[in-house]
Amino acid sequence: MNTRRRHGPRSNEDGVYLGPSLTQPQLLQQAEAPVPTSLPLAPPVDAGRGSCRDRTTEFQSVCRSLQSRQNGIPTSKPALSAVRQRSDFTLFAKRIGRNLSNTFAKLEKLTMLAKRKSLFDDKATEIDELTYIVKQDINSLNKQIAQLQELVRSRGGQNGRHLQTHSNTVVVSLQSKLAAMSNDFKSVLEVRTENLKEQHSRREQFSQAPAHYAPNSAHNFNAGNSLLMQDESKQPGDVSIDMDFRASQQMQLVNEQNSYIQSRADTMQNIETTIVELGSIFQQLAHMVKEQEETVQRIDANVEDTSFNVEAAHTEILKYFQSVSANRWLLIKIFLILIIFFIVFTVFLA
Amino acid sequence: MKLYSLSVLHKGATKSNLLKAAYDLSSFSFFQRSSVQEFMTFTSALIVERSGLGSRASVKEQDYLCHVYVRNDSLGAVVIADSEYPSRVCFTLLDKVLDDFSRQVDPIDWPSGSPTTIQFTALDAYLAKYQNPREADAMTKVQAELDETKIILHNTMESLLERGEKLDDLVQKSEHLGNQSKAFYKTARKQNSCCEVM
């Protein structure tokens, strides 16, 4: 039965060995030993994977019987070298696959970092480093896949048709994964540039001259001090300027630069917090209104019930009234007839 | 909160040179005005001379605060305000004024200019506009509006809670009403069916 052979060894209908399994390269290298050992090798793949049947032992016995049936050692060598080439290929492909998944993880982290939109707390250096690393990885993966493809093409002549298509398919799938990853990377970079542009425009909106921020304080207060010393002597006497220049000038200049920028930063952060709070207040408002809607519906139901009941009672009373008023006519008629009979009886009997 | 004067100066190698100034001296008595103006001009020039390039500073003098900003290209501006005026808004104003000035007036005129030769009319407009720091500064305005909105929202929340209470009240009353109307209906029906007499 060939139904469960996903990772098992491949063979055609007759059970002739065509190519190795992807998960058992070491096993095949051990099978090089031409000494006919009778099934000593326990398969390194765990037989506990319940979805496939482990037919390694049968496979090995078939191999050996075939080998002994053919010319023995001379032809086993090219088979063995073919085996070794195949295992090289699979090792290489595995390595590329592992690198791909690592790079994918890094790309995901980069995506998360790039999506942050707050004006403060922007991890620009991390993002740049990560971008650089991911770019390098993508380049190296590209080269490795190109190498793999070269390998496949160079060994094209020696392998069977199925083997060739398998190798080509493996290479094509790795290439497509790499292409998907580079597309993701490109979109992440675009998102990042958009966010940078937005941040820049928001900063400009709140500070009219964003270019003048550089505090070069050390240079300044030295110059300020020397000017101070020169000007002290030239102060005219009739204008009293009460300025406390000496020691505090130095501190003032440095602190002024920092405190100005600091105060702007504080204000911005304040504004951002306030806006976030406002957002949450709105949400709470919406929630409460939704809850109260239920109450309103109950009121509506009650009032409708009431009106229905009142209508029905009104109808009943109307009926009663009609019956009462109608009854009177009947009563009068009945009495009249009774009286007539009574009169007739008395007239007839008297 | 008031601004008293706004002046643009050029900081030369040895002394500074007043390029343009605007004054708002309405709070001083008529006879003091000229001397106060002289005094302010002199103070501004002195402060600019004593400040280094590319620095911002605030100097306290009697009960006024002088905020000065000297750019790296020797262009400086001084605003004299009272002690309540927020300094951040002052520095924003200085940035804006200097930007505008450097765009409108040629740098060639700077070292040798004087208020009569330089054409820059926006200074008075700026001074008038920034008398009210709330409206003039974008950040302060945004913050003030946000605070207002927050207060309005708090009031809304309170009235919403009151509405909730009233709705509860209404529910009870309407339930009561419903029960009574049902009793009414039953009585009416009983009246109809029970006694067929008369």
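Note that the coordinates shown come from a computational prediction; the quantities given were computed from them, not determined experimentally. (Residues numbered from 1 in each chain as written. Chains lettered and ligands numbered in written order. Predicted model: local features only at pLDDT ≥ 70, side-chain atom pairs only at ≥ 80, totals over all residues. Heavy atoms only, no water.)

### Side note on the overall build of chain A
(1) Moving on: Each helix and strand counted, chain A has seven helices and two strands in total.
(2) Moving on: In chain A, the order of α-helices and β-strands from amino to carboxyl end is β-β-α-α-α-α-α-α-α.
(3) Moving on: Within chain A, the fraction of its 350 residues that count as buried is 27%.
(4) Moving on: Sequence-distant contacts in chain A: of pairs separated by 6 or more residues, those separated by 24 or more amount to 74%.
(5) Moving on: Here chain A displays about 23,700 Å² of accessible surface, and carbon together with sulfur accounts for 59% of that area. (Helix = DSSP H or I, 4+ residues; strand = E, 2+ residues; numbered from the N terminus. Buried < 20%, exposed > 50% of the residue type's maximum accessible area, 1.4 Å probe, protein only. Contact = heavy atoms within 4.5 Å. Areas by Shrake-Rupley, 256 points an atom, 1.4 Å probe, with all protein chains shown as cover.)

### Some thoughts on the confidence of the model for chain A
All names here are of chain A.
(1) Moving on: Summary statistics for chain A give a mean pLDDT of 73 and a share of 64% for residues scoring 70 or more.
(2) Moving on: Looking at the elements of chain A, mean pLDDT is at its lowest for helix α6 (residues 217-232), recorded as 40, and at its highest for helix α2 (residues 56-69), recorded as 89.
(3) Moving on: Taken as a whole, residues 24-49 scores under 50 in pLDDT and shows 27 contacts with residues more than four places along the chain or in a different chain.
(4) Moving on: The model gives residues 209-244 a pLDDT under 50, and that stretch makes 54 contacts with residues more than four places away or in other chains. (pLDDT = per-residue confidence, 0-100.)

### What to know about the environment of B:K11
All names here are of chain B.
(1) Moving on: For K11, the position within the fold is in strand β1 (residues 3-11).
(2) Moving on: Each C-alpha atom, one on K11 and one on E49, is 6.4 Å from the other, the two residues being 38 residues apart in sequence.
(3) Moving on: Reaching out from K11, the side chain makes a polar contact with the backbone oxygen of E49 at a distance of 2.9 Å. (Polar contact = N/O pair within 3.5 Å; in protein donor to acceptor, adjacent residues only side chain to side chain.)

### Comments concerning helix α2 (residues 87-104) of chain B
(1) Moving on: Over its 18 residues, α2(B) extends 26 Å from the first C-alpha to the last, a length consistent with the 26 Å expected when each residue adds 1.5 Å.
(2) Moving on: Summarising burial for α2(B): 14 of the 18 residues are buried, a large majority. (Expected span 1.5 Å × (residues − 1).)

### What to know about the packing of aromatic side chains
Centre distance and the angle of the planes are the two values used to describe a pair of aromatic rings.
Residues and elements named next belong to chain B.
(1) Moving on: The tally for this structure, following the rule as stated, stands at four aromatic pairs over all chains.
(2) Moving on: Ring centres 5.6 Å apart and planes at 45° place the aromatic pair Y4 and F28 in the tilted group. Within this pair, whereas Y4 is found in strand β1, its partner F28 is found in the loop between β2 (16-23) and α1 (33-50), the two being separated by 24 residues in sequence. Neither residue differs from the other here; Y4 and F28 are each classed as buried.
(3) Moving on: Taken together, the ring pairs connect Y4, F28 and Y64 into an aromatic cluster.
(4) Moving on: We note R56 situated over the ring of Y69; from NZ or CZ to the ring centre the distance is 4.5 Å. (Phe/Tyr/Trp six-rings, centres within 6.5 Å; stacked < 30°, edge-to-face > 60°. Lys NZ or Arg CZ within 6 Å of the ring centre and 35° of its normal.)

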